[in-house]
Structure formats: structure tokens, C-alpha cells
2 protein chains.
Amino acid sequence: MTDIYRIRAAAARARGRVRRTPLLSSAALDARAGRRVWVKAECLQVTGSFKARGAWAAVSAMETAALARGVLAFSSGNHAQGVAWAAAAHGAPAVILMPRDAPGVKIEGTRALGAEVVLYDRLTEDRAALGAAIAEARGMTLIPPYDHPEVIAGQGTTGLEIAADAAEAGIDAAEVLVCCGGGGLASGIALALSAEAPTFRVRTAEPEGFDDMARSLASGGWETNAAPTGSICDAILTPRPGEMTFPILQDLAGAGLAVSDEEALRAMSLAFAHLHVVLEPGGAVALAAALFRGDDLAAGDVIAVASGGNVEARLFVEAIMRYPA
Amino acid sequence: MTDIYRIRAAAARARGRVRRTPLLSSAALDARAGRRVWVKAECLQVTGSFKARGAWAAVSAMETAALARGVLAFSSGNHAQGVAWAAAAHGAPAVILMPRDAPGVKIEGTRALGAEVVLYDRLTEDRAALGAAIAEARGMTLIPPYDHPEVIAGQGTTGLEIAADAAEAGIDAAEVLVCCGGGGLASGIALALSAEAPTFRVRTAEPEGFDDMARSLASGGWETNAAPTGSICDAILTPRPGEMTFPILQDLAGAGLAVSDEEALRAMSLAFAHLHVVLEPGGAVALAAALFRGDDLAAGDVIAVASGGNVEARLFVEAIMRYPA
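Along each chain, numbering runs from 1 in the same order as the chain's sequence is written. Written order decides the labels, with chains lettered from A and ligands numbered from 1. A pLDDT threshold of at least 70 governs which residues receive local features in this predicted model, and a stricter bar of 80 or more applies before side-chain atom pairs are shown or counted, although totals over entire chains, interfaces and linings include all residues.

Colleague: Before we move on, could you go through helix α14 (residues 313-322) of chain A and cite the residues and values that matter?
Modeller: Exposure classes come from backbone-placed C-beta atoms, where a residue is buried if 20 or more other C-beta atoms lie within 10 Å of its own, exposed if 12 or fewer do, and partly exposed in between. Here a helix means four or more residues in a row that DSSP labels H or I, a strand means two or more in a row labelled E, and each is numbered from the N terminus. Within α14 of chain A, the full set of buried residues consists of F316, A319 and I320 of chain A. The buried residues of α14 of chain A occupy an angular sector of 85° when the element is viewed end-on, so they sit on one face. Opposite the buried face of α14 of chain A, at more than 90 degrees from it, the exposed residues are R314 and R322 of chain A. Placing C-beta atoms from the backbone, we regard two residues as in contact once those atoms come within 7 Å. At its buried positions, α14 of chain A is contacted by α12 (261-274) of chain A together with α14 (313-322) of chain B. The directions considered for the arc are those from the helix axis to the C-beta atoms.

Below is the structure:
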């Protein structure tokens, strides 16, 4: 199980390797939202997303002999880059299974980090079975994207930084909006905040039509998305909440939020103009919820975790040209 | 005069108001440059550029009675926003003289911060005379963009952060490339580093054709640019080195560097793809010099100060579409 001690241990192992990202804000975003909006800029993290945190936590916890055999991950891109980076830094080989329709920028980024990339078809192939077969054949350790105690602990280090930076900024209480696929980042942050900033509450943010976590939190059981693909938010399209992450969020999170692809693009454009950071659609849904779902939030400050920035130039251009800030 | 004590005092007054920006890096940029490249991301600063530092230092040093009469500045945009922000935070009125051809995003940004904007013609009107007339008529204090001991001290706080973060990252010596208009940022950083990291050397970076500082450093006297405009690097098109800043850089800086507009656009595209930050052309010339003028740099680490990110969407699109990373 993941608890605050495991999160603090992950933070200690990550010192000097995982980046401490800033908490950004701008008067223009505050004015638009009618409240203070803070953005935890994980798009500035090593490998361009928070996934480097969980990957580092998991890989740095491995024994030497297992590291020599290597690690394996399946991912649409950001977890892939995180695991490839953490493995390379530990001198461990890495095999990454990626869906054939993952953004080219993520496939190339993973290869550039030295990993062996194996492509599969998201609709016809079973990535879990594929991964298990390779892991067994080569003695590799599977690093799952969210259902893993060290991965959740690593993502939870984001919450430690939010608590510290919020205290320094004089934020007494806040809704903390977190982009949510399987729920690793949201559950890790929720655990960290329950110990370090108990007046803060995590709210998951998902793309409309892929809001399995919001519906699961509402129904009390694991709900599944109708389709595997169909949103530009490729980074956070998971079929259902994680086995380990959902119970944590049931315990600690408020109701889930969902935004449209258009709202995610608008948030990208506003982050470009007013914060000067690059967000990918899946990394912008929390900021979109902060800006466009104000009625569903408690009064007061909101902190949006901008979870990643690995976006194709073409899609970024669409965001900033079609929706001028 | 500006010295390390004045810079430290400016840093103390700025705590909690001016943002401590991160020192970013990426394996992809290192590979391209053939050395470790670090980017001090001042595009993430309050108001989108380092100018908030100098403005805060100058305004926070003013007496109460003078604050009540207000402040005045002339600026193509980034200094304007910095002064408008610092004035508003001190409850002081602000008048900003801006050239009519300044980017719309900067004119709007300045107005949004509550300042009164007065537009002038860069080719036919004398901004210094205009500013002096308004300052006298309304009893306002002029905050010059670089030739002012507190402004230089404020910009120098960037150097304190570079020295501290470089020490933590294990950087023993480095060339520190600084985007240079009048030289306030470069001279402030040079002063801070000479006290806190004396093995680091400042090198100015300018647009080709507007390299008055590089030519002045080479000749030993104040050289002037042939034309007032004609580069996309609007933020750093000053006619000649500052009276106060040039002697500091003569004493402390290495030879100046210059890059083309195309190289600035390429650096913007690489920063988009690999660092996930938004740079404006004038804020990208130091990174461009780090990436494309390696032969003119001493071996070893290079730190590029990315001084601003206030760029029109259209120009940013040109950079990332025409020069894919």
C-alpha cells in the first residue's frame, strides 16, 4: 500500500533527478475564472510530464539483479518516456509497448531516450497479455502506469510540492484539480494532501465521454468507458479506474469533473498566452475544469495540475489559432 | 552604483512577489548542442519576462509620497508590463509610453495591468522628451528600462538564482548567455555572478544587425545600430548600450554573440518541443546562441537566459511550423 511515508521516501530518492516544478499563476487567468487559479506546471517535468516521478520511484526501488534484466511498460506515451528515462539513468534496458496510434512526438521521444519500442494495435491486441509475454521471456519487470504502490507514491510527490508551495503562497484551502486517466496522479496527490494539507480536496478532471472515474465515484463501483479512443486527450484515455487508485479516490476525492475537447484546446491557448507554458490536451483538462466548471467547484482558490506538455506542433497550432486567448 | 549588496537587498524585497524561475534542461537539447545546455526560464516570470524583477526593485525602493504621484516608463512592451504590475501592486498610478508598432499582445497586457498607455511613433517622435514632459507635468517618477541602479539590481537577482541552482546541479563553471537590449539584465547578472559564482562568465546575445553591445565590447566605445527597427526580436532593439550597463559588461563580460532571426525562431521551436515553454524571439536569442554558436563558446556547460515569452500566436505558429524540432 501507498502511504505518506512511502511518498516521502520516493521524494527523497528523487532529489536532484526529478524536477521541482513551479506553481504558476496570472492575473488574466484569475480574472477569467473569477477566483485565484494556480497551475502546477508538470509539463516542465523531466520527459515533459509527471510520469517521470512514478517511473523514477518504481525503478529506483528495484534490486540490482532485476535492474540488469530490465523493465517493461505499456503506455500511450508519457509513461513510456518516464520509464525509458528512469531505466536509462539506472543503466537498465527498457522495452515499451505503445499503441500504433500514439502521437509520433511521444514514440520518437521514447526511442530517443534509448528504449526499445514495440507497437501494438489498440483495438485488436491485448496489451496486458503482450506485455506479460515479453516480461516473462526476458525476465523483465513490468512497471504498470498506475496500479503499483511505488508509482502512486512517486506521483504523490507532486502533492508534497503543492502543499509546500501553497503554504508559502498563503493558500489555506483549495480544490486541487488533477487530470485523470487511471488515477495514479490523482490518488498519489490525494494521499499526500490528506497528510500535509488536509483542507485541500482533490477533484479528478477527465475528457467528456471518457469520464470513467467521475462515473465510478458517483456510482460507487468500477464503471467503464464506452469507447477506447475518440478524444484528442490521448494521454488520459484509460478504459476504467485502477484497482488500487479508485478506492483511494473514493475515500479522499470529491466528485469528478469532465470537459470537452474544445475546452481543453481553449485552456491550452490560455496557458500559452498567460503562463507561457506548452500543454498537451490531456494535460490541460484540469485547467479547463478550473476555468469552465467554476460552478461545480467550492468557492476559493483552485489549483490545477497541468500534467504534461508532449503535444504535436500541428495540434498546438490548432489550439492557439482557433481559440485566441 | 549597483553592487552585490544592492542586488541581495532587491532579492529580499522581492520575496513572495517575484517568481523564482526554474533552470530547465533536456537530453534532446544537450544532444543537439553537444554539451549540457541549461535554460533559465524567465518567460515563466510574473508578466512573462524578467522585467518584473527590475520594475519591482525600483518601485519598491520609492518613498510613499512619490509612489502616490505615480511612475512613468517608456518601453516596447516587457518593461511596460513589469512597471505596470509593480505599480499596481504598490497602489501607484502608472503611465506607459509605448511605440505604436509594439506587439498588440504587449500593449493589451500593459492595459490589462491597469496602466494608462500612451502610444508614440518610434521613427518620428523622441520618447525621452515625451516621457520627461509627462513626468514633469504629473510629478511622476521615471523608471528607465536599464540605466538605473535599482533596475540593474533587480535584474541581477536572476544571477543569484542561477548561481544557487547551478551549484545544486553540480555546475562548476559555465558560459551564461543573456539576451541583450540595453544591457540591464546582462549587467545585473554579471555583477551577481562575479560575487556568487566567479567561474561563470556572461556573454551577451543579440539579433544580427542590432548587435550594438557586441560591437561596443569589441571596440571599447559606445557603438550604435544602423536602424531602429527591422528584426522580429522587438524586445531587445535598443539603439546603443546603456550608460551604466556598458562599463559593467566591459569589466565582466566576454565577447558578444549575435544570431539571425531564423535562428531565434528555430530556438523557439526547440524550446516548445523539448522544454514546453513559450519564448518570444527576443527571449530566444540566448538559447539560439547556445545551440548555433557553439564554436564561439568555451567548452563545458552553457546557461541560456530565456528572458521573455510575450509573443503573438501568429509568430509562434510560424516558428513551430516552419522549423519543426
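Colleague: Before we move on, could you go through the sheet that holds strand β4 (residues 94-99) of chain B and cite the residues and values that matter?
Modeller: Paired strands are those between which DSSP finds at least two bridges. Strand order in the open sheet made by the 4 strands is β5-β4-β3-β6 (chain B), with parallel pairing throughout. Among the strands making up the open sheet, the edge pair consists of β5 (116-120) and β6 (141-142) of chain B.

Colleague: Describe the relation of the copies chain A and chain B, listing the residues and the values that go with them.
Modeller: Of the transformation placing chain A onto chain B, the axial shift is 0.0 Å and the rotation is 180°, giving an RMSD of 0.0 Å. The operation mapping one copy onto its partner corresponds to a two-fold rotation axis. If distances are taken from each C-alpha of chain A to the rotation axis, the shortest is found for V277 of chain A, at 2.2 Å. Most of the interface of chain A is mirrored in chain B: 100% of its interface residues are interface residues there too. A least-squares fit on C-alpha atoms brings the copies together, and the residues used are those whose pLDDT is at least 70 in both copies.

Colleague: Describe the interface of chain A and chain B, and please don't skip the residues or the numbers.
Modeller: Every contact between the two is made by 21 residues of chain A and, on the other side, 21 residues of chain B. Only α2 (27-33) and α14 of chain A provide two or more residues apiece to the side of chain A that touches chain B. It is α14 of chain A that provides the largest number of residues to the side of chain A that touches chain B, a total of 5 residues. Ten residue types, Ala, Val, Leu, Ile, Met, Phe, Trp, Tyr, Cys and Pro, are classed as nonpolar, four, Asp, Glu, Lys and Arg, as charged, and the remainder, Gly among them, as polar. For the side of chain A that touches chain B, a count of residues per class yields 17 nonpolar, 3 polar and 1 charged.

Colleague: Which residues make up unusual backbone geometry, and what values go with them?
Modeller: In the Ramachandran plot, T47 of chain A falls in the positive-phi region, its phi being about 70° despite a non-glycine side chain. Inspection of the secondary structure assignment puts T47 of chain A in the loop between β2 (37-41) and α3 (51-60).

Colleague: Can you explain the sheet that holds β2 of chain A? Please cite residues and give values.
Modeller: All names here are of chain A. Read from one edge to the other, the open sheet built from 6 strands follows the order β1-β2-β10-β7-β8-β9, with strand pairing classed as mixed. On the outer flanks of this sheet lie β1 (23-24) and β9 (257-259), each paired with one strand and no other. Looking at chain direction, β1 and β2 are connected through 2 bridges and run antiparallel. Paired with L24 across the strands is V39, a residue of β2.

Colleague: A description of the environment of A218 of chain B should follow, citing residues and the corresponding values.
Modeller: All names here are of chain B. Here A218 lies in helix α10 (residues 212-219). Since 12 C-beta atoms lie within 10 Å of it, A218 is described here as exposed. Spatially, the C-alpha atoms of A218 and Q250 are 9.1 Å apart, while their sequence positions differ by 32 residues.

Colleague: Can you explain the domain arrangement of chain A? Please cite residues and give values.
Modeller: Accessible area lost upon the coming together of the parts is a frequently used measure of interface size. All names here are of chain A. Where a domain begins and ends is set by an automatic assignment or by a domain database. Taken domain by domain, chain A comprises domain 1 (4-50 + 149-322) and domain 2 (52-142). A C-alpha centroid distance of 23 Å is found between domain 1 and domain 2. Every contact between the two is made by 26 residues of domain 1 and, on the other side, 24 residues of domain 2. Breaking the side of domain 1 that touches domain 2 down by element, the ones donating at least two residues are α1 (4-14) and α8 (149-168).

Colleague: Which residues make up the packing of helix α5 (residues 78-89) of chain A against helix α6 (residues 104-112) of chain A, and what values go with them?
Modeller: Residues and elements named next belong to chain A. To obtain an axis, a line is fitted to C-alpha atoms, over the contacting stretch when the element is a helix, and the angle between two such axes runs from 0 to 180 degrees between their N-to-C directions. Interaxial distance between α5 and α6 falls to 9 Å at its minimum, and their mutual angle equals 10°. Of the possible angle classes, the one that applies to α5 and α6 is roughly parallel. Here α5 contributes N78, A80, Q81 and A84 to the contact with α6, which in turn contributes K106, G109 and T110. Here the residues of the contact of α5 with α6 sort into 2 nonpolar, 4 polar and 1 charged. Each angle receives one of four descriptions, namely roughly parallel if under 35 degrees, roughly antiparallel if over 145, roughly perpendicular if within 65 to 115, and oblique otherwise.

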